Amino acid sequence: MSYKYIGSRGSGSMSWFLQRISGIVLVFVMVGHFILMHYNPEMGHSFNRVFERMQNPYYQMLQIAFVVLALYHGLQGVWNIYRDFKFPSWLNMAVLAILIVVGVGFGALGIANILHF
Amino acid sequence: MYQKSPTQEWTSNVVRYKKFSGSWAWLLHRITGLGLTAYILVHINTLASLQEGPEAFNAKMQVFMQPHWIFAAWILFGLVLYHTLNGIRIVIIDFGKGAKYHKQLLYGAVVIGLIVFLWMGYIMFFGHAEYDFLSMIVTSYN
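The rules behind the values
- Residues numbered from 1 in each chain as written.
- Chains lettered and ligands numbered in written order.
- Predicted model: local features only at pLDDT ≥ 70, side-chain atom pairs only at ≥ 80, totals over all residues.
- Heavy atoms only, no water.
- Helix = DSSP H or I, 4+ residues; strand = E, 2+ residues; numbered from the N terminus.
- Contact = heavy atoms within 4.5 Å.
- Areas by Shrake-Rupley, 256 points an atom, 1.4 Å probe, with all protein chains shown as cover.
- Salt bridge = Lys/Arg side-chain N within 4 Å of Asp/Glu carboxyl O.
- Buried area = accessible area lost by both parts, 1.4 Å probe.
- Nonpolar A, V, L, I, M, F, W, Y, C, P; charged D, E, K, R; others polar.
- Axes fitted to C-alpha atoms, helices over the stretch in contact; angles between N-to-C directions.
- Parallel < 35°, antiparallel > 145°, perpendicular 65-115°, else oblique.
- Left-handed = near helix turned anticlockwise from the far one by under 90°.
- Buried < 20%, exposed > 50% of the residue type's maximum accessible area, 1.4 Å probe, protein only.
- Patch = residues over 30% accessible without salt bridge, like charges linked within 9 Å, V, L, I, M, F, W, Y side chains within 5 Å.
- Polar contact = N/O pair within 3.5 Å; in protein donor to acceptor, adjacent residues only side chain to side chain.

Asks: What am I meant to see in the overall build of chain B here?
Replies: Helix and strand content of chain B: six helices and zero strands. The order of α-helices and β-strands along chain B, N terminus first, is α-α-α-α-α-α.

Next up, the structure:
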């Protein structure tokens, strides 16, 4: 299929579904995140506390899943909004490429932050 | 016959478009979503100071413990809260029978959201004995 149809390829039902699933998971992780970070400011804003938590590999796995899901959900959402407008196909290509590069780049940075411990 | 310019046409469409509660919910969901996506990139970038060691990270976090940054975090929490509650509403509409009572769901989300928002504000500003932000604000203006 020609690159001209990028962005209108497929029905979008899978991205709709994954947006709902990632959103539901994020609700639960986000509630925990806010309680942990703001119920006691020391918990979220002290290097030693972060270091202690990061010693648990399951906590690290949860954080990596959090970063990946949140970035996916956010950037997929931006692409959803973009797709509601009609733009020239070269711009579609450029925007999609930027979103993918941003997602991979910041995902790698976020995972590096977690695996640093 | 009088012909509207594209700008006039766009403006009159926007003004004329009836924004019911569902439209506002949809629009706010998009705006908060864009804001939160921008924020998570900044957030990941800020946390990169974890890799530079305790001094760099703690120094950065001390900046965000200042009252006006706590206020910014509270507003950010408001965006997250709205996006979360309306997201739950969307899931109920899409996967359940929420389309029949989507307005009631929105009103419920607004009421719950306001209560949780004020509660979180209380916790963030007054909930920590060791971080008395009220007196920090008072002393910063003296």
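So that's the structure; there's more coming.
Asks: Sorry if this is basic, but what is going on with the overall build of chain A here?
Replies: Helix and strand counts for chain A stand at five helices and zero strands. Going from N to C terminus, chain A has its helices and strands arranged as α-α-α-α-α. A separation of at least 24 residues holds for 68% of the contacts in chain A among residues at least 6 apart in sequence. Summed over its atoms, the accessible surface of chain A is roughly 6900 Å², and 72% of this surface lies on carbon and sulfur atoms.

Asks: For this particular structure, what's the right way to read the pattern of salt bridges?
Replies: Between side chains of opposite charge, pairing is possible as soon as their charged atoms come close. Throughout the structure, instances matching the rule amount to two salt bridges over all chains. Salt-bridge contacts for Arg30 of chain B lead to Asp84 of chain A; the nearest nitrogen and oxygen are separated by 2.7 Å. Linking Arg30 of chain B in helix 2 (residues 21-47) with Asp84 of chain A in the loop between helix 4 (57-83) and helix 5 (89-115), this pair reaches from one chain into another.

Asks: Just to check I follow, could you spell out the interface of chain B and chain A for this structure?
Replies: Think of interface size as the accessible area that goes away when the parts come together; that is how it is often given. Counting residues at the interface gives 35 residues for chain B, matched by 36 residues for chain A. Both sides together, the interface formed by chain B and chain A hides about 3000 Å², and carbon and sulfur atoms give 75% of it. Where chain B meets chain A, there are two salt bridges. Split into classes, the residues belonging to the side of chain B that touches chain A amount to 23 nonpolar, nine polar and three charged.

Asks: It is not clear to me how the packing of helix 4 (residues 67-95) of chain B against helix 5 (residues 102-126) of chain B should be interpreted in this structure. Could you clarify?
Replies: To characterise two packed helices, one gives the angle between the axes of the helices and the distance between these axes. Residue and element names in this part refer to chain B. One way to put it is that helix 4 packs onto helix 5 with a least axis distance of 9 Å and a crossing angle of 155 degrees. The orientation of helix 4 with respect to helix 5, classified from their angle, is roughly antiparallel. Our pair here, helix 4 against helix 5, has a crossing hand that is right-handed. The residue makeup of the contact of helix 4 with helix 5, split by class, is 20 nonpolar, five polar and one charged.

Asks: Which parts of the structure should I look at to understand the environment of Val67 of chain A?
Replies: Among the structural elements, Val67 of chain A can be located in helix 4. Take Val67 of chain A: its relative accessible area is 13%, and that puts it in the buried class. Val67 of chain A sits 39 residues away from Phe106 of chain A along the chain, and the two C-alpha atoms are 9.0 Å apart. Other than its neighbours up to four places away in sequence, Val67 of chain A contacts Gly107, Gly110 and Ile114 of chain A together with Ile44 of chain B.

Asks: What's the story with a nonpolar patch on the surface in this structure? I'm lost.
Replies: On the surface, Met14, Trp16, Phe17, Leu18, Ile21 and Val25 of chain A together with Phe95 of chain B cluster together to form a nonpolar patch covering roughly 610 Å² of accessible area. Element by element, the count of residues in the nonpolar patch is highest for helix 1 (residues 13-38) of chain A, at six residues. Along the chain, Trp16 of chain A falls in helix 1. With relative accessibility at 34%, the residue Trp16 of chain A sits in the partly exposed group.

Asks: Where do I start with the side chain of Gln60 of chain A in this structure?
Replies: Its place among the elements puts Gln60 of chain A in helix 4. For Gln60 of chain A, the residues in contact, after removing those within four places along its chain, are Met54, Ile114, Leu115 and Phe117 of chain A.

Asks: Which parts of the structure should I look at to understand the side chain of His83 of chain B?
Replies: Mapped onto the elements of the fold, His83 of chain B is located in helix 4. Under the relative-accessibility criterion, His83 of chain B is labelled buried at 16%. For His83 of chain B, the side chain forms a polar contact with the side chain of Thr32 of chain B, separated by 3.1 Å. In contact with His83 of chain B, other than residues within four places in its own chain, are His73 of chain A together with His29, Thr32, Gly33 and Leu36 of chain B.

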